[in-house]
Amino acid sequence: VTSLHVTPEPDEYFSRIEAAKMPQAVHLPDLDSTTAKWQVNWLPVGMVEVRRDMHRLPLTGQMVDYVMLSDGLVDVSLYLQVVDPGSSENGWLKYGANTLLSLQKGPVEITVVGKLPPQTASAIANSVQIVGSEP
């Protein structure tokens, strides 16, 4: 059960909160200037892009481009982030039906996660193309 009472001014309770105890505001960079322009040139038959965004990874705080692919039965996550050349290892891990593949192409690390064969994950990752200038 809940209730809501809308007033023109905030409740007096909120004026007692000390500004020093409030967390600092997070300022995200302008997405147009940081979003890599890239495309996936190959997908398995029936698989389409269903979501694309940019967000901050919880553990590292780094910004990543994210795409969710789906064929209606299987969802595949694709992450791209700018890294120092040679700073990540290429490879894949198979855990049950799940595959986690990481591939570095120049300054971009591409990670594919989903219930798909490693060869399919590799084909998706290798088909990623940066459009225009490098990120």
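Below is a short write-up of the structure.

### A closer look at the environment of Pro-118
- Among the secondary structure elements, Pro-118 is positioned in helix α3 (residues 118–126).
- For Pro-118, a relative accessible area of 11% gives the class buried.
- Spatially, the C-alpha atom of Pro-118 lies 7.1 Å from that of Leu-101, the residues being 17 residues apart in sequence.
- Setting aside chain neighbours within four positions, we find Pro-118 in contact with Trp-92, Lys-94, Thr-99 and Leu-101.

### Digging into the nonpolar core
- With 17 residues, the main nonpolar core has Leu-78, Leu-80, Ile-110 and Val-112 as its most contacted residues.
- Those elements giving two or more residues to this core turn out to be β3 (63–70), β4 (75–82), β6 (98–105), β7 (108–114) and α3.
- In this view, Val-112 contacts Val-76, Ser-77, Leu-78, Thr-99, Leu-100, Leu-101, Ala-121 and Ala-125; residues no more than four positions away in its chain are not counted.

Each value, and the rule that gives it
Residues numbered from 1 in each chain as written. Predicted model: local features only at pLDDT ≥ 70, side-chain atom pairs only at ≥ 80, totals over all residues. Heavy atoms only, no water. Helix = DSSP H or I, 4+ residues; strand = E, 2+ residues; numbered from the N terminus. Buried < 20%, exposed > 50% of the residue type's maximum accessible area, 1.4 Å probe, protein only. Contact = heavy atoms within 4.5 Å. Core = buried A, V, L, I, M, F, W, Y, C linked by side-chain atoms within 4.5 Å.

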